[in-house]
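For reference, the chains in residue letters:
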Amino acid sequence: MATRRGRVDDLVVVVPGIMGSRLADADGREVWGLSGRALLRGIRTFGGSVTALALPAGLLDDHPGDGVRPVGVIPDVHGLPGLSSLVEGYTDLLDWLERHFTLRRRLPDEDPRTPANLIAFSYDWRLSCRYNAARLGERVAQELGRWRQTAPGRADAKAVFVCHSMGGLVARQYVEQGGGAEITRRVITLGTPYRGSLDALLYLVNGARRGLGRLVGPALSSFARSLPSLHQLAPDYACLAGAPALRCAWEVTGLPGVDEELLKDAQTFHCALREPAAGTAYAVEYLPVGGVLQPTPTTAEFDGGDRLAPLFTIEGEDEGGDGRVPCLSSAHVAGVRRPACTPWEQHGSLQNNPAVRQALWGWLTPEPRVHRGPERREAALGVRVPEVVAEGELCEVEVSVPRDVPGFEELAVGVRVDGGDGWRPLRNRGGGRYAAALRGLGAGAHRLEVGARHAPGETVTALVLVLGRDSRAGGGA
């Protein structure tokens, strides 16, 4: 029996995060886009072109004129440790939206002018959020105009944005500063760093993560440091430990690895977005989703040299978050008192989280939700897994369970790799802490599901990239 689809008359636009769009050069050759099983090969390919993709100093909100253009969103697991976290991709989300709502994507062989109300917006994620917000506005104006003309009842259709990570900053810039508020109904953001992410600052200061070796080499550090977008992801809150109090990154002169002009411009960018004057005037609804409980770098201190060491607390408090974006950032949007949804999930998997899907149903359609199986409670597990390990090395999985979870010290916690049938048990280390050392993970990207036996259908997802033996030498910034 077919599932009844919820009615949606608006235009739904999915906006991915940094590195979530495929890029091609002027000759049509894809310079970033391989994912899933081909991720390692994609990183090698990107490593060969990374120097040419670096942006010139002083670019700010302009395009470098290098012929690079976006050609679609990334469907599967992607990312580049040293520049972005691993992300599950967007095909499953788009398929789910089309399957459960009256949403339709334009088919590849259809005329590009064919009306559709489910749009995946790809963009050149190297460039500033302001630049990409302007491109988003152009695309929405075209698509919404076509869609409104398809039926009299759609004349008042508006745009609804479903954004992951940096995509939320692009959409918010368009709505609040780019004239999009009048035609926007709501903005749904999944793990958007409204106040920035410490990870971005760590990438800028420390350079490419050790272990990437010959895959990309030191050129990745120079590339990352040339990006306006990465600077706009740096924390806008006081995050650097030091006497007498925490300081903002833009308050520290001579911060290694940081383009001071881009960082100051990023501060201006965030300041302009703090008050949603246009959104308030047109009653735009913001619905921020922020992952919680996951160990999340929130502040940092220098390790005695020029490298930053991440801290998982801020002024002694464990803020938590989705592993990449702390709670204080993902819901810090003016006019919103609290997050609209707080799943126990990692940053790269928020778009596929069951609790988020449940919430999306209510946000996208006014119709009551039809029964599609038992309701699922979220697994109260905080998961820490290294994002990069070398083939042949152990992959350490650490899990923490809050003390307010019944039986937190006596749970049977396990991990499943790549959707396999077998669950590997984690050893109980006491105090609600559990751990396992995974062996035998082959080179490539792997999806780890961590769950407890009392709730076998409820898991937290972690992604790990295993480097092959031929790609381990060298590394660093």
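Residues numbered from 1 in each chain as written. Predicted model: local features only at pLDDT ≥ 70, side-chain atom pairs only at ≥ 80, totals over all residues. Heavy atoms only, no water.

Regarding the sheet that holds strand E16 (residues 427-430)
Stage number 1. If you trace the four strands from one edge of the open sheet to the other, you get E11-E13-E17-E16, paired in antiparallel fashion. Strands at the two margins of the open sheet, each flanked by one partner only, are strand E11 (382-384) and E16. Strand-to-strand, the axes of this sheet are offset by a mean angle of 25°, without reference to chain direction. (Pairing = 2+ DSSP bridges. Helix = DSSP H or I, 4+ residues; strand = E, 2+ residues; numbered from the N terminus. Axes fitted to C-alpha atoms, helices over the stretch in contact; angles between N-to-C directions.)

Concerning the nonpolar core
Stage number 1. Core analysis: the biggest nonpolar cluster contains 83 residues, and Leu83, Trp125, Phe161, Leu201 and Leu230 have the highest contact counts within it.
Stage number 2. Excluding residues within four positions of it along the chain, phenylalanine 161 makes contact with Val13, Val15, Leu136, Val140, Ala171, Tyr174, Val175, Thr184, Arg186, Val187 and Ile188.
Stage number 3. Residues Val87, Leu93, Val160 and Leu350 belong to the second largest nonpolar core, which totals 27 residues. (Core = buried A, V, L, I, M, F, W, Y, C linked by side-chain atoms within 4.5 Å. Buried < 20%, exposed > 50% of the residue type's maximum accessible area, 1.4 Å probe, protein only. Contact = heavy atoms within 4.5 Å.)

Re the side chain of arginine 126
Stage number 1. Here arginine 126 is to be found in the loop between strand E5 (118-120) and helix H3 (129-148).
Stage number 2. Judged by its relative accessible area of 0%, arginine 126 is buried.
Stage number 3. Polar contacts involving the side chain of arginine 126 include one to the main-chain carbonyl oxygen of leucine 53, which spans 2.8 Å.
Stage number 4. When neighbours within four sequence positions are excluded, arginine 126 is seen to be in contact with Leu23, Leu53, Leu55, Pro64, Asp66, Val68, Phe223, Leu227, Pro228 and Ser229. (Polar contact = N/O pair within 3.5 Å; in protein donor to acceptor, adjacent residues only side chain to side chain.)

Thoughts on the packing of helix H2 (residues 91-100) against helix H11 (residues 354-364)
Stage number 1. The N-to-C vectors of H2 and H11 enclose an angle of 50°; their axes lie 12 Å apart at closest approach. Judged by the inter-axis angle, H2 sits oblique to H11. Classified by chirality, the crossing of H11 by H2 is right-handed. Residues Asp92, Leu93, Trp96, Leu97 and His100 of H2 touch H11, and the partners they reach there are Arg357, Leu360, Trp361 and Leu364.
Stage number 2. Partitioned by chemical class, the residues of the contact of H2 with H11 number six nonpolar, one polar and two charged. (Parallel < 35°, antiparallel > 145°, perpendicular 65-115°, else oblique. Left-handed = near helix turned anticlockwise from the far one by under 90°. Nonpolar A, V, L, I, M, F, W, Y, C, P; charged D, E, K, R; others polar.)

Topic: the pattern of salt bridges
Stage number 1. One pass over the structure, following the stated rule, counts 27 salt bridges.
Stage number 2. Glutamate 138 is the salt-bridge partner of arginine 135, the closest N and O atoms lying 2.9 Å from each other. Within this pair, arginine 135 and its partner glutamate 138 are both found in helix H3, separated by three residues, close to a single helical turn.
Stage number 3. The salt bridge partner of arginine 274 is aspartate 236, with a shortest N-O separation of 2.2 Å. One end of the pair, arginine 274, is in the loop between helix H8 (260-273) and helix H9 (277-281); the other, aspartate 236, is in the loop between helix H7 (228-232) and H8, with 38 residues separating them in the sequence.
Stage number 4. It is possible to trace a salt-bridge network through shared partners that takes in Glu88, Arg416, Arg447 and Glu449. (Salt bridge = Lys/Arg side-chain N within 4 Å of Asp/Glu carboxyl O.)

Overview of the sheet that holds strand E14 (residues 413-417)
Stage number 1. Spatial strand order, E12-E19-E18-E14-E15: five strands in an open sheet with mixed pairing. Strands at the two margins of the open sheet, each flanked by one partner only, are strand E12 (388-390) and strand E15 (424-425).
Stage number 2. Pairing of E14 with strand E18 (residues 444-452), which is carried by five bridges, proceeds in the antiparallel orientation. Across the sheet, glycine 414 pairs through a bridge with glycine 451, a residue of E18.
Stage number 3. The sheet contacts of helix H1 (residues 39-53) involve E18 and strand E19 (459-467), and relative to E19 the element is tilted by about 55°.

What to know about the pairing of E14
Stage number 1. The element E14 is extensively covered by neighbouring structure, given that four of its five residues are classed as buried.
Stage number 2. Here two bridges tie E14 to E15, and the two strands are oriented antiparallel to one another. Bridge pairing links valine 415 to arginine 424 in E15.
Stage number 3. Counted between consecutive antiparallel strands, the loop separating E14 from E15 contains six residues, among which aspartate 418 sits at a positive phi close to 55°.

Focus on H1
Stage number 1. Along its length, H1 reaches its greatest deviation from straightness, about 40°, at glycine 47.
Stage number 2. Where H1 is concerned, the buried positions are Leu39, Leu40, Gly42, Ile43, Phe46, Gly47, Ser49, Val50 and Leu53.
Stage number 3. Close packing links the buried residues of H1 with strand E3 (30-32), helix H6 (219-225), E18 and E19. (Bend = angle between axes of the 7 residues up to and from the residue.)

Considerations on the packing of H3 against helix H4 (residues 166-177)
Stage number 1. The interhelical angle for the contact between H3 and H4, taken along N-to-C directions, is 70°, at an axis separation of 8 Å. Regarding the angle of H3 to H4, the classification is roughly perpendicular. Handedness of the crossing formed by H3 with H4: right-handed. Along its contact with H3, which presents Cys129, Arg130, Asn132, Ala133, Leu136, Gly137 and Val140, the element H4 presents Met166, Leu169, Val170, Ala171, Gln173 and Tyr174.

Some words on unusual backbone geometry
Stage number 1. Positive phi, normally seen in glycine, also occurs at alanine 283, with a value near 55°.
Stage number 2. Positionally, alanine 283 belongs in the loop between H9 and strand E8 (285-289).
Stage number 3. By relative accessible area, which is 62% here, alanine 283 ends up exposed.

Notes on H4
Since the α-helix turns once every 3.6 residues, residues separated by three or four places project in the same direction.
Stage number 1. Taking 1.5 Å of rise per residue, the 12 residues of H4 would be expected to cover 16 Å, and the 16 Å separating its terminal C-alpha atoms lies within 8% of that figure.
Stage number 2. Of all 12 residues in H4, 11 are buried; the element is thus mostly enclosed.
Stage number 3. Met166, Gly167, Gly168, Leu169, Val170, Ala171, Arg172, Gln173, Tyr174, Val175 and Glu176 are the residues of H4 that are buried.
Stage number 4. One or two steps after H4, the chain reaches glycine 179, where phi turns positive at roughly 85°. (Expected span 1.5 Å × (residues − 1).)

These figures capture arrangement, not role.
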